[in-house]
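Below are the chains, spelled out letter by letter.
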Amino acid sequence: MNVEHLIPFLASTAGAATPLILAALGELVTERSGVLNLGVEGMMLVGAVCGFIATLASGSASFGLLVAALAAMAASMIFAFLVLTLQTNQVATGLALTLFGVGLSAFVGRDFAGQTVPPLEHLHFPVLSDLPFLGPLLFRFDALVYASVLAVPLVGYILTKTRLGLVIRAIGEAPASAHAIGYPVIALRYAMVLFGGALAGIAGAYLSLGLTPMWVEGMTAGRGWIALALVVFATWKPRGVLLGAYLFGGVTVLQFHGQGFGLAIPSQFLSMLPYLATIVVLVLICRDPRTILLNKPMSLGQNFKADS
Amino acid sequence: MLRLEARPEPSRAMMVASPLIAAAAMLVTGSILFRFLGQEPLHAFYVYFVLPVTSAYGLGELLLKATPLVLCGVGLALGFRASVWNIGADGQLTMGAVAAGCVALYFQDVESHWVLPLMLLAGALGGMLWAAIPALLRTRFNTSEILVSLMLVYVAYLFLSYTVHGPLRDPDGYNFPQSKMFSDSALLPLLFEGLRVNLAFVLALVLVAGAWFFCSRSFAGYRMQVSGMAPAAAAYAGFGETRNVWLAFMISGATAGLAGVGEVAGPIGQLQPAIPGGYGFAAIIVAYVGRLHPLGVLLAALLMSLLYIGGESAQMELQLPSAITGLFQGLLLFYLLAADLFIHYRFKPRLREAPVAAAKPAEEGV
C-alpha cells in the first residue's frame, strides 16, 4: 500500500459517503418523528432518474437536483398519505414504495440509459485546492460533499437545541402526549416524511449526476437500505451518520481500489463487503438490546390516530 | 358529503373484495397510461391482459411464471402472518439455484432418477441456509431481519456471479459467464408436450395445500398467527418469538430455494447471472395481494404472472416498454394497501342539517 493509491482512495470515499449521509439524515429525521419509511431505496431511484433527465434537458445540475428533490417528495407523499391518513402498515407501505420506485424509475428512464451528463462541478478554492496532498484530499470536491457534511451538525442542532426539534422528538417518543398538549402530530409527521423524501431524492441524484454521471436501472444497488441501516448504526444521532457513512463509503470504494492495494481476491467478494459490513455493524449495535431501547424513538413504526 | 366511520368489526367481505378493487384500480390506471403512451386503450388492454392467455402456449407460460411466485409467496405469507419480515427471498432463491446447480453439474454424466430429488433437496437446503443467517441474527443478536435478509440478496447475486465467472464456468462456453447446460436427468419433466410449464408447478400446488393445512390446522401455524395479530397475548400464552422467527425463515427459505431449483432445472437449464428475475421481491406483493392466505397467494401469483407475460406481449405487439410491468406491480400493492382501509372503515353520508346534530346528545341514552 502506498501513498499514490491512498489519496484517490480517500478522496473517492467522500464521494461514496455523500449520498449515504444525505439519505440517512433524511430518514433519521423521519424516524425521529416516529415514522419508519422503508422506501428510501425507491425514493433514491426516483430522484436519480428525474434529476438526471432534468439535468439532461435543462443543462443545469442545480435544476436537476431541485427536480430530484421534488420528485422524491412526491413519491414520499404517496407513502405519507397511506401511512398517516389511511393508517396502513408502515413496513408494508415502505416496501411498496421501494418496489414502486424501482418500477417507476425503470419506466421513466427507459430511453435515457447510456446517455451521460457532465459530472457535478468540482469546487476550486484559491491556494487551498493547489496544496499538495491536502488539496485533492479536502479541497477539490463538488459542493454537495461539503453541504452533506455541514448538514450533519445543522440537523443535530435543530433536533436537540431548537423548539422544532423538541416537538419532532416529542411526536416520535410520545405522540399521544404531544397531541394532548396540542401539537399537530399528523401534520408534522407529513412534513418529516417529505423532508426525508427530499433528501433521499438529492442523494439519488448525486449518484446519477455526481458519482457516475449517467442513468442505469437500479443504480442505487442497495444504498437506500444501507442508509436505513446507518440510522440504526448511528443510534438515531446525526453525528453517528457522518462517521458511519464515511466508514461505509470507504468499504464501498475499496472494491475499486482493491487491485491497487494488492488484494488478490475475486472482485465479487470485494463487492460484497459493503453489504457484509452493514450486517456486521448492525449485529454489533443491536447485540445489546438496551442500546436500541434507549435510543430508538418509542413510537417508531406505530401509527397514531387522534381520537377526535 | 361522505365521511369515514369505523366499522364495529372488520368486514370479511372487504377482505376478499379489496384485492379485486386494487386489481380493478390498477387496470383503470393502466388504461390511462396506455392512452398516455399513444395507444388505443382498449386494444392495449386486450394485448396486455387477454392476448397472452388465448393460446395453450400462453397458458403454459402463465403457469410457468406463476411457479416461482407461488413458491416464494406461500413461504413469505406464512412469515408475514407472524410479523416476521423476510424480504430476502430473491437471495434465498439464488442460493437454492446455486446449490441445485452444483448437484446437477457434479452429476453431469450420471443418468439416474436420483439426481432431481437430490437437486430439490439441495435447493431447499441452500435457501434455508441463506435464510438461517437473518433468523440467527434476529433471535440471537436482536438484529433487524428486514435489513439483514435484504443485504444478503446482494451478497447472493454476487456469489452467483462469482460461481459462473469462476469455478462453475463452462470451459467450452467462449468465456460467457454461464455453466454447462444441465443433462436431461437434471431437468424437471414438462407437464404437457410443447409447453414449458414443468413439474415445479405441481410441487407449488402441493406446497399451497400443505401451507393451508399448516395455517388452519396445525398448532404451530396457530401460534404464528396469534403472534402476528396479538403479540402481547402470544407472549402471555408463552408462544416464543424465537421459534416463530426460525419457523418462518426456514419455511420461506426452503420454498424460495425450491423456486430457484424450478428456474435452473426448468426453463433456464444452467447457471447464469440472470437467474434471479426479481421473483423474490414480486412475491412480497403476491403475498399481500393474496391476503397472506395460501389459496389467495395462488390466485395472486397468477395475476402477477399475467402482468409479466402481458408486459412481454405488449412489448412485442405494441413496442410498449417492458418496464411497465414493474410499474403495474408497484401500483397494485399501493392500491391494495389503500383499499384495505375499507376492511376497518366504511363511508357514511355526512349529515348536514343542524337539528340532527342538536338531537344527537338526546339519542345517546338509547
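As shown above, the structure is provided for reference.
These figures come from a predicted structure and were not determined experimentally. (Residues numbered from 1 in each chain as written. Chains lettered and ligands numbered in written order. Predicted model: local features only at pLDDT ≥ 70, side-chain atom pairs only at ≥ 80, totals over all residues. Heavy atoms only, no water.)

**Points about the side chain of Ser18(B)**
Residue and element names in this part refer to chain B.
Okay, step 1: Looking at the element boundaries, Ser 18 is found in helix H1 (residues 12-36).
Okay, step 2: Of the polar contacts made by the side chain of Ser 18, one reaches the side chain of Arg 291; its length is 3.3 Å.
Okay, step 3: The residues touching Ser 18, leaving out its near neighbours within four places in the chain, are Arg 291, Leu 336, Ala 339 and Asp 340. (Helix = DSSP H or I, 4+ residues; strand = E, 2+ residues; numbered from the N terminus. Polar contact = N/O pair within 3.5 Å; in protein donor to acceptor, adjacent residues only side chain to side chain. Contact = heavy atoms within 4.5 Å.)

**Section: the interface of chain A and chain B**
Okay, step 1: On the chain B side, the residues contacting the 41 residues of chain A number 38 residues.
Okay, step 2: Buried surface at the junction of chain A and chain B, both sides included, amounts to about 3,500 Å², of which 86% is carbon and sulfur.
Okay, step 3: Considering only the surface of chain A that becomes buried against chain B, Leu99(A), Phe107(A) and Gln268(A) emerge as the three largest contributors, covering 18% of it.
Okay, step 4: At the boundary of chain A and chain B, one finds zero salt bridges.
Okay, step 5: The interface formed by chain A and chain B holds three residue pairs in polar contact (both at pLDDT 80 or more) in total.
Okay, step 6: A total of twelve residues in the side of chain A that touches chain B trace back to one element, the largest contributor, which is helix H4 (residues 90-108) of chain A.
Okay, step 7: Classifying every residue of the side of chain A that touches chain B by side-chain character gives 29 nonpolar, eight polar and four charged. (Buried area = accessible area lost by both parts, 1.4 Å probe. Salt bridge = Lys/Arg side-chain N within 4 Å of Asp/Glu carboxyl O. Nonpolar A, V, L, I, M, F, W, Y, C, P; charged D, E, K, R; others polar.)

**Focus on helix H6 (residues 143-161) of chain A**
All names here are of chain A.
Okay, step 1: In a regular helix each residue adds 1.5 Å, so 19 residues correspond to 27 Å; H6 covers 26 Å between its end C-alpha atoms and thus fits that length.
Okay, step 2: Approximately 25° is the largest bend angle found in H6, and it occurs at Ala 151, with the proline Pro 153 only one to four residues beyond.
Okay, step 3: Those residues of H6 lying buried are Leu 144, Val 145, Ser 148, Ala 151, Val 152, Val 155, Gly 156 and Leu 159. (Expected span 1.5 Å × (residues − 1). Bend = angle between axes of the 7 residues up to and from the residue. Buried < 20%, exposed > 50% of the residue type's maximum accessible area, 1.4 Å probe, protein only.)

**Some points on the nonpolar core**
Okay, step 1: The biggest cluster of nonpolar side chains holds 189 residues, and the ones touching the most others in it are Trp225(A), Met119(B) and Phe328(B).
Okay, step 2: Once residues within four sequence positions are removed from consideration, Met119(B) is found in contact with Ala100(B), Val103(B), Ala104(B), Phe182(B), Ala186(B), Val261(B) and Ala265(B).
Okay, step 3: In this structure, Ala82(B), Ala131(B), Val245(B) and Phe249(B) belong to the second largest nonpolar core, which totals twelve residues. (Core = buried A, V, L, I, M, F, W, Y, C linked by side-chain atoms within 4.5 Å.)

**Some remarks on the packing of aromatic side chains**
Okay, step 1: With the rule as written, the count across this model stands at 16 aromatic pairs over all chains.
Okay, step 2: With centroids separated by 5.1 Å and ring planes inclined at 65°, the aromatic side chains of Phe100(A) and Phe334(B) adopt a geometry described as edge-to-face. Of this pair, Phe100(A) sits in helix H4 while Phe334(B) sits in helix H13 (residues 324-339), on two different chains.
Okay, step 3: With centroids separated by 6.2 Å and ring planes inclined at 45°, the aromatic side chains of Phe159(B) and Tyr162(B) adopt a geometry described as tilted. Of this pair, Phe159(B) and Tyr162(B) are both found in helix H6 (residues 145-165), three residues apart, which corresponds to roughly one turn of the helix.
Okay, step 4: Residue class for Phe159(B) comes out partly exposed when judged on its relative accessible area of 26%.
Okay, step 5: Grouping aromatic residues by their ring pairs yields a cluster made of Phe34(B), Phe45(B), Tyr48(B), Phe49(B) and Phe328(B).
Okay, step 6: The residue whose ring lies beneath Arg110(A) is Phe107(A), and the NZ or CZ to ring-centre distance is 4.6 Å. (Phe/Tyr/Trp six-rings, centres within 6.5 Å; stacked < 30°, edge-to-face > 60°. Lys NZ or Arg CZ within 6 Å of the ring centre and 35° of its normal.)

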